Amino acid sequence: MKVLINEDIVDRENTSVDIEDRGYQFGDGVYEVVRVYEGKTYELDGHVERLFRSAKEIDLSLSFTEEGFKQNIENLVKENNLLDGGIYFQITRGVAPRSHSYDRTVAPELVAYPLYFTRPKEKQATGVTAITVEDLRWLRCDIKSLNLLYNVMMKQKAQDEEAFEGIFIRDGIVTEGTSTNIFIVKDGIYKTHPVNNMILNGITRQRIIKLLRENNLEVEEVEFTKEDLFAADEAFISSTTAEVMPICKIDDKKIGDGQVGKKTKEIYDLLINYIG
Ligand code: PDD
C-alpha cells in the first residue's frame, strides 16, 4: 500500500508514527474520509474545504494549499490503483514533547491512505436498525476532530445490540448518528438537523439537500425531537460510506411500516444517479 506522508508518497512498510505525535497523545488533529468510485475521487473539493475549516477551528495552520493537497490525493489514488473505496486523511498538530499547550511553530503531520470497501447494497435495499443513545459529546461537533472516543463507544454499543447505528439525542433533540447524519420524512417533507455546532455538516447531507431542492422535494433544516423520530413515516442516515441508508427500526420500534420508505428510495435513487 502506498501512503501519503506530508508531501511524499511512500510504501507503507517505510512509514512509522512518532510516539510523541500529538494525534497519538491527545487526538489533537482533524480528519476526512473521501469516497472513490471507479478510480475517481467524489466530492473532493467539499472534503478538502471542510478539512481546512476544521484545521482553522482548532488553530492549526497548514503550510500547503488546497490545490496542492488535492493533487497529492489524486496521485495517491492512482499510485494505489484504487477503484472502489476511499481515502482516509488526517492532520495532527505534529511531534513535540508531551504538554497540553502547544507550540505553533511545530509542523503538522499529514497522513493519507486508501480504504477498501464497496457500496453496502444489500443493507441499502433492506434497511437497517438503529438505537438511540444520549449525546454526551463536546459542543463542537461541527469540527471533524480525531477525538472520536464517545462516537466509538456508542457505535460499539449499537453493534453490541445488533444495530447498525447509534442515533444521538441531546435534550430531547435528534442530532445525528455516531458517524452519519439523520433525516426523517413526515407527511412528504424531509427533515434534518440544522447546521450548527451540534452536528457535522456532512458532505452527503449537503448533496442530499441540494438534490431534494433541485427536484422540488420539500426539505427543512429544523430541529426535531425523539418523539418526532418515532412518529416519522420514514427515516434514513447519510454518510460518505453509507450514502443513503434506510432505517426501518429504532430501539425495536418500527419506523412507519418498518419497510424501506418510498421517499427514502426516491432520494437514494437521486443520489446514486448523481454519483453516476
Ligand atoms: N463519518 N456525522 C458524523 C459524526 C460523521 O463522523 C460523519 C462522517 C457524518 C457524515 O459526513 P459525510 O457525509 O461528509 O461523510 C456525519 C465518516 C464517514 C467517518 O468517520 O468514517
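Scroll up to find the structure.
Cut-offs applied
Residues numbered from 1 in each chain as written. Predicted model: local features only at pLDDT ≥ 70, side-chain atom pairs only at ≥ 80, totals over all residues. Heavy atoms only, no water. Helix = DSSP H or I, 4+ residues; strand = E, 2+ residues; numbered from the N terminus. Expected span 1.5 Å × (residues − 1). Buried < 20%, exposed > 50% of the residue type's maximum accessible area, 1.4 Å probe, protein only. Arc of directions from axis to C-beta. Near = heavy atom within 4 Å. Polar contact = N/O pair within 3.5 Å; in protein donor to acceptor, adjacent residues only side chain to side chain. Areas by Shrake-Rupley, 256 points an atom, 1.4 Å probe, with all protein chains shown as cover. Pairing = 2+ DSSP bridges. Axes fitted to C-alpha atoms, helices over the stretch in contact; angles between N-to-C directions. Contact = heavy atoms within 4.5 Å. Parallel < 35°, antiparallel > 145°, perpendicular 65-115°, else oblique. Nonpolar A, V, L, I, M, F, W, Y, C, P; charged D, E, K, R; others polar. Core = buried A, V, L, I, M, F, W, Y, C linked by side-chain atoms within 4.5 Å.

**Student:** Could you clarify how one ought to interpret helix H8 (residues 262–275) in this entry?
**Tutor:** Each α-helix turn comprises 3.6 residues. Residues three or four places apart therefore point the same way. With 14 residues, H8 should cover 20 Å at 1.5 Å per step; its first-to-last C-alpha distance of 20 Å lies within 8% of that length. When we look at burial in H8, the residues that qualify are Thr 264, Ile 267, Tyr 268, Leu 271, Ile 272 and Ile 275. With its buried residues spanning 135° around the axis, H8 presents them on a single face. The exposed residues of H8 that point more than 90 degrees off its buried face are Lys 262 and Asn 273. Immediately beyond the C-terminal end of H8, within one or two residues, lies Gly 276, with a positive phi of roughly 90°.

**Student:** Help me out: how do you make sense of the site of the ligand in this one?
**Tutor:** If you check the shell around the ligand, you find 18 residues, and the closest are Tyr 31, Glu 176, Ile 203, Thr 204 and Thr 240. One nitrogen or oxygen atom from the side chain of Arg 50 is found 3.0 Å from an oxygen atom belonging to the ligand. Contacts to the ligand include Ile 203, whose backbone N or O atom sits 2.8 Å from an oxygen atom. Compared with its free state, where it exposes 480 Å², the ligand has 89% of that area covered by protein.

**Student:** What is the right way to look at the sheet that holds strand S6 (residues 109–115) in this model?
**Tutor:** Two orientations exist for strands paired in a sheet by backbone hydrogen bonds: parallel and antiparallel. If you trace the 6 strands from one edge of the open sheet to the other, you get S2-S1-S6-S5-S3-S4, paired in antiparallel fashion. At either end of the open sheet lies a strand with only one pairing partner, and these are strand S2 (8–11) and strand S4 (40–42). Direction aside, neighbouring strands of the sheet carry axes that sit 30° apart on average. Looking at chain direction, strand S1 (residues 2–5) and S6 are connected through 2 bridges and run antiparallel.

**Student:** In this structure, what is going on with the side chain of Arg 22? I would like to understand it.
**Tutor:** By secondary structure assignment, the location of Arg 22 is in helix H1 (residues 22–26). Here Arg 22 falls in the buried class, since its relative accessible area comes to 4%. Residue contacts for Arg 22: discarding those within four places in its chain leaves Gly 27, Asp 28, Arg 93, Gly 94, Ser 99, His 100, Ser 101 and Tyr 102.

**Student:** Got a minute to help me understand the packing of helix H6 (residues 203–214) against H8 in this structure?
**Tutor:** How two helices pack is summed up by the angle between their axes together with the distance between the axes. Taken N-terminus to C-terminus, the directions of H6 and H8 make an angle of 105°; their axes are 10 Å apart at the nearest point. Taken together, the axes of H6 and H8 are roughly perpendicular relative to one another. On H8, the residues touching Thr 204, Arg 207, Ile 208, Leu 211 and Leu 212 of H6 are Ile 267, Leu 270, Leu 271 and Tyr 274. By residue class, the composition of the contact of H6 with H8 is 7 nonpolar, 1 polar and 1 charged.

**Student:** Just checking my understanding: could you explain the nonpolar core for this structure?
**Tutor:** Looking at soluble globular proteins, one finds that nonpolar side chains tend to be buried together. Formed by 24 residues in total, the largest nonpolar core has its most connected members in Phe 69, Ile 73, Ile 87 and Phe 89. Broken down by secondary-structure element, the contributors of at least two residues to this core are strand S3 (29–37), helix H2 (44–57), helix H3 (66–79), strand S5 (85–92) and S6. Beyond its immediate stretch of four places on either side in the chain, Ile 73 contacts Leu 4, Thr 41, Leu 44, Ile 87, Phe 89 and Ala 112. Membership of the second largest hydrophobic core comes to 18 residues, among which are Tyr 190, Val 244, Tyr 268 and Ile 275.

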